[in-house]
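Observations on chain architecture
Here is what each chain is made of, one letter per residue.
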Amino acid sequence: MASKSCVLLSFFTVLAVSSAYPFKNKQYKPCKHLVLYFHDIIYNGQNRENATSAIVAAPQGANLTILAGQFHFGNIVVFDDPITLDNNLHSKPVGRAQGMYIYDTKNTFTAWLGFSFVLNSTNYQGTVNFIGADPLMQKTRDISVVGGTGDFFMHRGVATLTTDAFEGEVYFRLKVDIKFYECW
Amino acid sequence: MASKSCVLLSFFTVLAVSSAYPFKNKQYKPCKHLVLYFHDIIYNGQNRENATSAIVAAPQGANLTILAGQFHFGNIVVFDDPITLDNNLHSKPVGRAQGMYIYDTKNTFTAWLGFSFVLNSTNYQGTVNFIGADPLMQKTRDISVVGGTGDFFMHRGVATLTTDAFEGEVYFRLKVDIKFYECW
Amino acid sequence: MASKSCVLLSFFTVLAVSSAYPFKNKQYKPCKHLVLYFHDIIYNGQNRENATSAIVAAPQGANLTILAGQFHFGNIVVFDDPITLDNNLHSKPVGRAQGMYIYDTKNTFTAWLGFSFVLNSTNYQGTVNFIGADPLMQKTRDISVVGGTGDFFMHRGVATLTTDAFEGEVYFRLKVDIKFYECW
């Protein structure tokens, strides 16, 4: 009888744990996997030719020193960034990353992302759509792949972002490790 | 026999209804269920310390009285709001709601939402990503849970929003009843 | 033996193609299909009554001639557009298309879309949530249906956009061919 109780106890313990962290024991294997880079050059008033993004909104009735110091809280940036297969800005682009990011913390750098990869290369034709939170001071951040079209028809997955280069307020490069778990 | 007919009649009535509203007779049971609150304090120019959100965009060549009266049509608000387990603004936060809402009707209050829950508590580590329409004068509104990461890896579901408190243009609190139907 | 090799060769050719364009050999049949139109009348400062959308953000420290010529790069437009069953602006609306689009290329017209269909008609009650890239100079463009509520509870799919009418900077009409592949 004692052993039966013990089994039951273990059983409920497992249930409790699996309710709190259900995924952690599962190792899903992606059905498709892509690693790409995109490159963002922020418009500063003088770099019309090279710029790939621009701040388009900022807090009303505020300025940086009042509301958000140097953390850009509330800024919305629209971008059309080249995507490359390696980390070289001058490599032949395989598509464009298009959409927006929003700086959304007052006392550190975090962003909220809504954008698409529009791929147009020998290997891939189609779009991949992303949304998610980007706590960009962390080494890696996961966002959601919520859909796709063309070669990525109905796909879903998770993309891991890494800041691969960051040059002040001028240029940054993100590495995007896309793991699709629903492929169709 | 009478009771059997009655059962049959009920059966066909149910079928007829289910044709017009196919989902309404299906009772899906969530595989995971969370109820959380988030708190929004709008920046008014004087509350730098307490503010958790700010209007960052508004219609060009217009002002409120011309295009949208008091309904804020076109305003984009960026937020970084604390999430709590109960309805008390001063409870220990379990994470942050980060993203934006857009006021999008000229003659009433409605919004479009794109945001993430970034959860960082004993029970949950991970993000949940939401988008959807929020006709905020209605008692309850449903939006989509389109993806997640960490403990919410690949999750999908529906979140029901309720305005739990509303203090003029200063503070509001939303109750978010998250029902996940795909859990992985 | 020659014919056997030939079959094998064909087999590997098919494999190679299917690896590059895995979806193209699959013909999925939608579980639900809707064709709807929505109508966008941009606010120009004088059309308060009729306008259904407004530019709410634009590049800072720039003007159109400097950064983006006539292509509206960086403009964010918030909309609340009527949805109709046919291509007539004056037909009885079956709902509203609410959300935003962002012009996101410097040297042509492309947009990024985040919006919802809020349907309220005899046939459909519920919302459909969309995101995706819209290279609007192309005849048709596919975006993702990432979720839904009400009659579209948990639905996913792909929507094909066609510009059905375009009258300068004043009015456009999009045909939206929604194919749901996950219906619940």
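Identification of chain A as Dirigent protein from Theobroma cacao is taken from an unreviewed UniProt entry. If you open the UniProt record of chain A and go to Sequence similarities (unreviewed entry), you find "Belongs to the plant dirigent protein family."

1. What about the pattern of salt bridges?
According to the stated counting rule, one finds 18 salt bridges over all chains in the structure shown. Across the pair Arg48(A) and Glu49(A) runs a salt bridge whose closest N-O atoms are separated by 3.2 Å. A relative accessible area of 63% places Glu49(A) in the exposed class. The partner of Arg96(C) in a salt bridge is Asp80(C), and the shortest N-O contact between them spans 3.0 Å. You can see Arg96(C) sitting in strand S4 (residues 95-103) and its partner Asp80(C) sitting in strand S3 (residues 76-84), a full 16 residues away along the chain. What makes Asp80(C) buried here is its relative accessible area of 7%. Within this structure, Arg156(A), Glu182(A), Arg156(B), Glu182(B), Arg156(C) and Glu182(C) form a network of salt bridges that share partners.

2. Section: the interface of chain B and chain A
Listed per partner, the contact involves 44 residues of chain B and 40 residues of chain A. Across the chain B to chain A interface the summed buried area is about 3,200 Å²; carbon plus sulfur atoms make up 61%. At the junction of chain B and chain A, the tally comes to one salt bridge. A salt bridge links Glu182(B) to Arg156(A), with the nearest nitrogen and oxygen atoms 3.6 Å apart. The tally of links from chain B across to chain A stands at ten residue pairs in polar contact (both at pLDDT 80 or more). Elements represented by at least two residues in the side of chain B that touches chain A include exactly strand S2 (53-57), strand S3 (76-84), strand S4 (95-103), strand S5 (111-120), strand S6 (125-134) and strand S7 (140-150) of chain B.

3. A look at the interface of chain C and chain B
Counting residues at the interface gives 43 residues for chain C and 38 residues for chain B. For the pair chain C and chain B, the summed buried surface comes to about 3,000 Å²; carbon and sulfur atoms form 62% of the total. When residues of chain C are sorted by the area they lose upon contact with chain B, Tyr43(C), Met154(C) and Trp184(C) head the list and together hold 19% of the total. At the boundary of chain C and chain B, one finds one salt bridge. At the boundary of chain C and chain B, one finds ten residue pairs in polar contact (both at pLDDT 80 or more).

4. Notes on empty space enclosed by the protein
Applying the stated criterion across every chain, the model contains one cavity of 30 Å³ or more. Estimated volume of the largest cavity: approximately 40 Å³. For the lining of the largest cavity, the secondary structure elements donating two or more residues are S5 of chain B together with strand S5 (111-120) of chain C. For the lining of the largest cavity, the class distribution of residues is nine nonpolar, two polar and no charged.

5. Things to note about the side chain of Thr105(A)
Along the chain, the position of Thr105(A) falls in the loop between strand S4 (95-103) and strand S5 (111-120). Of the polar contacts made by the side chain of Thr105(A), one reaches the side chain of Thr110(A); its length is 2.3 Å. Setting aside residues no more than four positions away along its own chain, Thr105(A) makes contact with Phe71(A), Phe73(A), Thr110(A), Asp80(B) and Gln98(B).

6. Quick word on the relation of the copies chain B and chain A
Mapping one chain copy onto the other needs a rotation about an axis and a shift along that axis. With an RMSD of 0.0 Å, the operation that places chain B on chain A is a rotation of 120 degrees combined with a shift of 0.0 Å along the axis. A rotation of that kind, with that shift, is consistent with a three-fold axis. When C-alpha distances to the rotation axis are compared across chain B, the minimum falls at Ala57(B), with a value of 3.2 Å. When the interface residues of chain B are mapped onto chain A, a mere 18% of them again fall at the interface, so the copies present different faces.

7. As for the environment of Tyr101(B)
Residues and elements named next belong to chain B. One can find Tyr-101 in strand S4. Tyr-101 sits in the buried class, given a relative accessible area of 5%. Residue contacts for Tyr-101: discarding those within four places in its chain leaves Asp-40, Ile-42, Ser-53, Asn-75, Ile-76, Val-77, Phe-79, Ala-111, Trp-112, Leu-113 and Phe-172. At 2.9 Å, the side chain of Tyr-101 forms a polar contact with the side chain of Asp-40.

8. Concerning the nonpolar core
Grouped together as the largest cluster of nonpolar side chains are 40 residues, with contacts concentrated most on Ile76(A), Met100(A), Ile76(B), Met100(B), Ile76(C) and Met100(C). Excluding anything up to four places from it in sequence, Ile76(B) contacts Ile76(A), Ala54(B), Ile55(B), Val56(B), Ala57(B), Met100(B), Tyr101(B), Ile102(B), Val56(C), Ile76(C) and Val78(C). Counting 33 residues, the second largest nonpolar core, distinct from the first, contains Ile55(B), Leu119(B), Leu174(B) and Phe180(B).

9. Focus on unusual backbone geometry
All names here are of chain B. Its identity as a non-glycine residue notwithstanding, Met-154 has a phi of 65 degrees, on the positive side. Locating Met-154 in the fold gives a position in the loop between S7 and strand S8 (156-167). What makes Met-154 buried here is its relative accessible area of 1%.

10. A closer look at the state of the cysteines
Residues and elements named next belong to chain B. Evaluation of the coordinates by the stated rule reveals three disulfides over all chains. Across the disulfide, Cys-31 is cross-linked to Cys-183 (sulfur-sulfur distance 2.1 Å). Across the S-S bond linking Cys-31 and Cys-183, the dihedral sits near 90 degrees, which makes this disulfide right-handed. One end of the pair, Cys-31, is in the loop between helix H1 (2-20) and strand S1 (32-41); the other, Cys-183, is in the segment after strand S9 (171-182), with 152 residues separating them in the sequence. Given the relative accessible area of 13%, Cys-183 is considered buried.

11. Things to note about the side chain of Asp81(C)
Residues and elements named next belong to chain C. With respect to the element layout, Asp-81 can be found in strand S3. Look at Asp-81: it is buried, it has no salt bridge, and the nearest opposite charge is Arg-96 at 6.2 Å. A polar atom in the side chain of Asp-81 sits 2.6 Å from the side chain of Thr-52. Beyond its immediate stretch of four places on either side in the chain, Asp-81 contacts Phe-38, His-39, Asp-40, Thr-52, Ser-53, Gly-95, Arg-96 and Ala-97.

Conventions we followed
- Numbers given to residues run from 1 along each chain, matching the order in which its sequence is written.
- All chains are assigned letters beginning with A, and all ligands numbers beginning with 1, in the order in which they are written.
- Only residues with pLDDT of at least 70 are given local features in this predicted model, and only at 80 or more are side-chain atom pairs given and counted; all residues enter the totals for whole chains, interfaces and linings.
- Side-chain measures here rest on the full set of heavy atoms in the structure, leaving out hydrogens and waters.
- UniProt positions are given in the numbering used here, feature names are shortened, and annotations may be inferred rather than shown by experiment.
- Each reported salt bridge corresponds to a side-chain nitrogen of Lys or Arg within 4 Å of a carboxyl oxygen of Asp or Glu.
- Think of it in three bands: with a 1.4 Å probe and only protein chains considered, a residue is buried below 20% of the maximum accessible area for its type, exposed above 50%, and partly exposed in between.
- Each helix corresponds to a stretch of at least 4 residues labelled H or I by DSSP, and each strand to a stretch of at least 2 residues labelled E; elements are numbered beginning at the N terminus.
- For this analysis, residues touch if any pair of their heavy atoms sits within 4.5 Å.
- Note on definitions: buried area is the accessible-area loss of two parts on being combined, 1.4 Å probe, summed for both.
- Polar contacts here mean pairs of N or O atoms no more than 3.5 Å apart (in protein, one a potential hydrogen donor and the other a potential acceptor; neighbouring residues in sequence count only if both atoms are side-chain atoms).
- Here a cavity is any set of points on a 1 Å grid over the protein atoms alone where a 1.4 Å probe fits but cannot get out, and a pocket is any open set with protein on both sides within 12 Å along at least 5 of 7 lines; a residue lines the site when it has an atom within 4 Å of a point.
- Grid points are joined across faces, edges and corners, and a volume is the space filled by probe spheres set on the points.
- Asp, Glu, Lys and Arg are counted as charged, while Ala, Val, Leu, Ile, Met, Phe, Trp, Tyr, Cys and Pro are counted as nonpolar; the rest, among them Gly, fall into the polar class.
- When the copies are superposed, the least-squares fit draws on C-alpha atoms of residues that have pLDDT of at least 70 in both.
- By nonpolar core we mean a set of buried residues, namely Ala, Val, Leu, Ile, Met, Phe, Trp, Tyr and Cys, connected to one another through side-chain atoms within 4.5 Å.
- Disulfides are defined as pairs of cysteine sulfur atoms found within 2.5 Å of each other.
- In summary, the charge assignment counts Lys and Arg as positive and Asp and Glu as negative, without counting His or the chain termini.

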